[in-house]
There are 2 protein chains.
Amino acid sequence: MNASMTIGQAAEASGISRKMIRYYEETGLLPPARRSESGYRYYDQAAVEQMQFIKRARDMGFSLERVGQLMSLWHDDKRHSADVKALAQQYIAELDENIAQMQAMRNELRDWVDHCHGDDRPECAIIDHLKPHAD
Amino acid sequence: MNASMTIGQAAEASGISRKMIRYYEETGLLPPARRSESGYRYYDQAAVEQMQFIKRARDMGFSLERVGQLMSLWHDDKRHSADVKALAQQYIAELDENIAQMQAMRNELRDWVDHCHGDDRPECAIIDHLKPHAD
DNA sequence: GCTTGACCTTGCCATCGTGGTAAGCTTTAC
DNA sequence: GTAAAGCTTACCACGATGGCAAGGTCAAGC
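My aim in this report is to walk through the structure given alongside it, one point at a time.

**Considering the interface of chain A and chain B**
- Counting residues at the interface gives 54 residues for chain A, matched by 54 residues for chain B.
- Surface buried jointly by chain A and chain B totals about 4800 Å² across both partners, of which 70% is contributed by carbon and sulfur atoms.
- Taken as a group, R56, M60 and L130 of chain A account for 14% of the area that chain A buries against chain B, more than any other trio of residues on that side.
- If you look at where chain A meets chain B, you find two salt bridges.
- Notably, a salt bridge pairs D96 of chain A with R106 of chain B, separated by 2.9 Å at the nearest N-O pair.
- In this structure, the connection of chain A to chain B is made through 20 residue pairs in polar contact (both at pLDDT 80 or more).
- Among the secondary structure elements, those contributing two or more residues to the side of chain A that touches chain B are helix 3 (45-59), helix 4 (64-75), helix 5 (81-114) and helix 6 (125-130) of chain A.
- Across the side of chain A that touches chain B, the residue classes tally to 27 nonpolar, eleven polar and 16 charged.

Written out as structure tokens, the structure is:
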């Protein structure tokens, strides 16, 4: 159960692709894996748990850079929860900003679409809104 | 007023950077520009209007591929507004999907953040939710 | 022991849209 | 005539991921 795994097994266990595991190692998000004499990477349970942490953070949409910061905090016994919170709050603020922007686009476009007949005639409110002179 | 412009002037007039104008030409979104003997690109009013169309569509978040389709429709006198509408509606559906996903992440994260004390102690609900064994 | 298939390695390219930078040529303004 | 501004092409970079190819390795079946 605590035996070491190949990269494929670690990928399976963590939900992170082999490709990405290597990439995370390359970029320093994961520590260099232990290698067999022939060069195969082998992972222990702790390494897989790091991957699972990354998986969860990525699934929440944290950037790899922030995931790295979260991992540092995770491993820091003397962390201040305020630092974690600040990091998360900043990300939430960015999410809110992106959501708002997308909603604004969506609403305006929705409005255009509502004014488009959507038949076989060429007249189209959407095109009219995109056209340079028709605003 | 209708004189030809250099790429910098066209960029200024359209809001699209010089870099992107060249890129759009390279990828076929814009037709090859007329060139001076020395190789400089020159643009007339119609070309600038194409750029303005692109600018508006990009500002609405349409992908370059869809912008290309919209431009084709714009220039097609026999277009069916239904085709434009369908294109826009598909994009709206994608926007809605993305918005929903971001909101889901945001809401869950907001919940975690609300349970984090945010002080100088290491205990942290956010870390606990990201940690493999604490779910 | 040998073959086969599954797995591993590295390295390179592609995405999408944009920005940067560099080396060199042209035009414009003084 | 010179300097500055603007143009050209050709690269590299981002962020995060996938794909492919050429080759080495391991495990199972015979």
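**What to know about the packing of helix 5 of chain A against helix 5 (residues 81-114) of chain B**
- Contact geometry for helix 5 of chain A and helix 5 of chain B: axes closest at 9 Å, N-to-C directions at 155°. Judged by the angle between their axes, helix 5 of chain A and helix 5 of chain B are roughly antiparallel. In this structure, helix 5 of chain A meets helix 5 of chain B at a crossing whose hand is left-handed.
- Considered class by class, the residues forming the contact of helix 5 of chain A with helix 5 of chain B number 18 nonpolar, six polar and eight charged.

**Concerning the pattern of salt bridges**
- This model, assessed by the stated rule, comprises 16 salt bridges over all chains.
- Two residues, D59 of chain B and K55 of chain B, come together in a salt bridge whose shortest N-O distance is 2.8 Å. Highlighted residues: D59 of chain B and K55 of chain B, both in helix 3 (residues 45-59), separated by four residues, approximately one helical turn.
- Residue D59 of chain B is classed as partly exposed on the basis of its relative accessible area, which comes to 45%.
- Exposure remark for K55 of chain B: the relative accessible area of 26% places this residue in the partly exposed category.
- Here D119 of chain B ties to R121 of chain B by a salt bridge, and the two come within 2.5 Å at their closest N and O atoms.
- Given a relative accessible area of 41%, R121 of chain B falls into the partly exposed group.
- In this structure, a network of salt bridges that share partners links the residues E25, R35 and R41 of chain A.

**With respect to the protein's contact with DNA strand C**
- In the vicinity of DNA strand C lie 20 residues, with T6, G8 and R22 of chain A together with K19 and Y24 of chain B positioned nearest.
- Each atom of DNA strand C within 4 Å of the protein belongs either to a base or to sugar and phosphate, the latter forming 67%.
- I7 of chain A has a polar backbone atom sitting 3.5 Å from a phosphate oxygen of DNA strand C.
- Elements that contribute at least two residues to the surface near DNA strand C include exactly helix 1 (7-14) and helix 2 (18-27) of chain A together with helix 2 (18-26) of chain B.
- Counting residues per element, the surface near DNA strand C draws most heavily on helix 2 of chain B, at four residues.
- Of the residues belonging to the surface near DNA strand C, the class tally is seven nonpolar, six polar and seven charged.

**Considering the protein's contact with DNA strand D**
- Around DNA strand D, a shell composed of 19 residues is seen, among which K19, Y24 and Y40 of chain A together with T6 and Y40 of chain B lie nearest.
- Restricting the count to atoms of DNA strand D within 4 Å of the protein gives a sugar and phosphate share of 63%.
- The separation between a phosphate oxygen of DNA strand D and a polar main-chain atom of L64 of chain A is 3.1 Å.
- The contact in question runs from a phosphate oxygen of DNA strand D to an N or O atom on the backbone of R41 of chain B, over 2.9 Å.
- Those elements giving two or more residues to the surface near DNA strand D turn out to be helix 2 of chain A together with helix 1 (7-14) and helix 2 of chain B.
- Looking at the surface near DNA strand D, the element that brings in the most residues is helix 2 of chain A, giving four residues.
- Residues that form the surface near DNA strand D fall into these classes: seven nonpolar, six polar and six charged.

**What about the side chain of K85 of chain A?**
- Of note, K85 of chain A is situated in helix 5.
- We note that K85 of chain A is buried and unpaired, the nearest opposite charge coming from D114 of chain B at a distance of 6.0 Å.
- Among the polar contacts listed, one links the side chain of K85 of chain A to the backbone oxygen of C116 of chain B, at a separation of 2.7 Å.

**What about the packing of helix 3 of chain A against helix 4 of chain A?**
Residues and elements named next belong to chain A.
- One way to put it is that helix 3 packs onto helix 4 with a least axis distance of 10 Å and a crossing angle of 130°. Looking at the two axes, helix 3 sits oblique to helix 4. Seen from above, helix 3 lies across helix 4 with right-handed handedness. Of the residues in helix 4, those touching helix 3 at E49, Q50, F53, I54, A57 and R58 are L64, V67, L70, M71, W74 and H75.
- Looking at the contact of helix 3 with helix 4 residue by residue, the class counts come to eight nonpolar, two polar and two charged.

Parameters at a glance
Residues numbered from 1 in each chain as written. Chains lettered and ligands numbered in written order. Predicted model: local features only at pLDDT ≥ 70, side-chain atom pairs only at ≥ 80, totals over all residues. Heavy atoms only, no water. Contact = heavy atoms within 4.5 Å. Buried area = accessible area lost by both parts, 1.4 Å probe. Salt bridge = Lys/Arg side-chain N within 4 Å of Asp/Glu carboxyl O. Polar contact = N/O pair within 3.5 Å; in protein donor to acceptor, adjacent residues only side chain to side chain. Helix = DSSP H or I, 4+ residues; strand = E, 2+ residues; numbered from the N terminus. Nonpolar A, V, L, I, M, F, W, Y, C, P; charged D, E, K, R; others polar. Axes fitted to C-alpha atoms, helices over the stretch in contact; angles between N-to-C directions. Parallel < 35°, antiparallel > 145°, perpendicular 65-115°, else oblique. Left-handed = near helix turned anticlockwise from the far one by under 90°. Buried < 20%, exposed > 50% of the residue type's maximum accessible area, 1.4 Å probe, protein only. Near = heavy atom within 4 Å. Lys, Arg positive; Asp, Glu negative; His and termini not counted.

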